[in-house]
Amino acid sequence: MNGSGKQILLKILTGLSTQLTADAELESATDKLRAGLLLHGSTSDENYQCVKNLQWANSYDEDQVIWRQGIATTDGQVFISDLVESLMDVPNLHDSMLAEHPNLTKEGLEAGLQAVWLIVSAVQMYSQLLEVEIADANIDVEKRVAVMMKHFNHHINIDR
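These numbers were taken from a predicted model, which means no experiment stands behind them.

## Here's the deal with the pairing of strand 2 (residues 66–73)
Line of reasoning, step 1. Among the eight residues in strand 2, seven count as buried, and that is most of the element.
Line of reasoning, step 2. Where strand 1 (residues 54–60) lies against strand 2, seven bridges are found, and the strand directions are antiparallel. If you follow L54 over to strand 2, its bridge partner there is T73.
Line of reasoning, step 3. Between strand 1 and the antiparallel strand that follows it, strand 2, lie five residues; Q64 among them carries a positive phi value of about 60 degrees.
Line of reasoning, step 4. The pairing of strand 2 with strand 3 (residues 125–126) spans two bridges and is classified as antiparallel. Residue pairing across strands places Q69 opposite M125, the latter belonging to strand 3.

As structure tokens, this is what we get:
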């Protein structure tokens, strides 16, 4: 067996989040998700109980069309990205986090919370984005990084 649990989980999440999973395949997708989480986390009883309560699920728009798929709770199908958004709005969260991390600025906290949301939402499938999802082998990561960093540096006014 090759690869770390993290690598396997990321491969599973990449596959699930870049294509629409048919309803008939949701159970299989859930099995993959659970296995990946166990391989990355641990096989403690606590983790088994945790992943038992998670699934790969659909979310529908007002016309009952699937607009996203992702990790959700088995009870109530609450998406983990929605949980993160709710956590970000908890009263006094910012004050508590800033008090716990005295060197953290408000800007740093906002950046950190935004990064958490971006990472969590990245492992969801959004139907409106499917047309830009392509096979991994066709992605020139180095070129895309170079172009984006050129834009970033220009926007932030950094000369490199």
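## Concerning the sheet that holds strand 1
Line of reasoning, step 1. In space, the three strands of this open sheet follow the order 1-2-3, with antiparallel pairing throughout. For this open sheet the edge positions go to strand 1 and strand 3, each flanked by a neighbour on one side alone.
Line of reasoning, step 2. Seen against the sheet, helix 1 (residues 5–17) touches strand 1, strand 2 and strand 3 and runs at an angle of roughly 20 degrees to strand 1.
Line of reasoning, step 3. Packing of helix 2 (residues 26–40) onto the sheet brings it into contact with strand 1 and strand 2, and relative to strand 1 it is tilted by some 135 degrees.

## Brief notes about the pattern of salt bridges
Oppositely charged side chains are able to pair whenever their charged atoms sit close together.
Line of reasoning, step 1. In total, this model carries one salt bridge according to the counting rule given.
Line of reasoning, step 2. D82 serves as the salt-bridge partner of R68, at 2.7 Å between the closest nitrogen and oxygen. In this pair, R68 is assigned in strand 2 and D82 in helix 4 (residues 80–88), connecting sequence segments 14 residues apart.
Line of reasoning, step 3. R68 sits in the buried class, given a relative accessible area of 6%.

## Considerations on the packing of helix 1 against helix 2
Line of reasoning, step 1. The contact between helix 1 and helix 2 brings their axes to 7 Å, and the two run at 155 degrees. Taken together, the axes of helix 1 and helix 2 are roughly antiparallel relative to one another. Between helix 1 and helix 2 the crossing geometry is left-handed. Within the contact between the two elements, helix 1 uses G5, K6, I8, L9, I12, L13 and L16 and helix 2 uses A29, K32, L33, G36, L37, L39 and H40.

## Details of the side chain of Q69
Line of reasoning, step 1. Note that Q69 resides in strand 2.
Line of reasoning, step 2. A distance of 2.7 Å separates the side chain of Q69 from the backbone oxygen of T21, its partner in a polar contact.
Line of reasoning, step 3. In terms of polar contacts, Q69 uses its side chain to reach the side chain of N58, at 2.6 Å.
Line of reasoning, step 4. Discounting chain neighbours no more than four positions away, the residues touching Q69 are Q19, L20, T21, L26, W56, A57, N58, F79, Q124 and M125.

## Brief notes about the packing of helix 5 (residues 93–100) against helix 6 (residues 106–122)
Helix packing for two helices is described by the angle between their axes and how far apart those axes are.
Line of reasoning, step 1. Where helix 5 meets helix 6, the axes come as close as 10 Å, and the angle between the chain directions of the two elements is 110 degrees. As judged from the angle between their axes, helix 5 and helix 6 are roughly perpendicular. Every pair of crossing elements has a handedness; the one defined by helix 5 and helix 6 is right-handed. The residues of helix 6 that touch helix 5, namely those facing H94, M97 and L98, are K106, L109, E110 and L113.

## Let's talk about the packing of aromatic side chains
Each aromatic ring pair is described using two quantities: the centre-to-centre distance and the angle formed by the ring planes.
Line of reasoning, step 1. Scanning all chains against the criterion turns up one aromatic pair.
Line of reasoning, step 2. Directly above the ring of F79 sits R68, whose terminal nitrogen or CZ lies 4.1 Å from the centroid.

Conventions we followed
Residues numbered from 1 in each chain as written. Predicted model: local features only at pLDDT ≥ 70, side-chain atom pairs only at ≥ 80, totals over all residues. Heavy atoms only, no water. Buried < 20%, exposed > 50% of the residue type's maximum accessible area, 1.4 Å probe, protein only. Helix = DSSP H or I, 4+ residues; strand = E, 2+ residues; numbered from the N terminus. Pairing = 2+ DSSP bridges. Contact = heavy atoms within 4.5 Å. Axes fitted to C-alpha atoms, helices over the stretch in contact; angles between N-to-C directions. Salt bridge = Lys/Arg side-chain N within 4 Å of Asp/Glu carboxyl O. Parallel < 35°, antiparallel > 145°, perpendicular 65-115°, else oblique. Left-handed = near helix turned anticlockwise from the far one by under 90°. Polar contact = N/O pair within 3.5 Å; in protein donor to acceptor, adjacent residues only side chain to side chain. Phe/Tyr/Trp six-rings, centres within 6.5 Å; stacked < 30°, edge-to-face > 60°. Lys NZ or Arg CZ within 6 Å of the ring centre and 35° of its normal.

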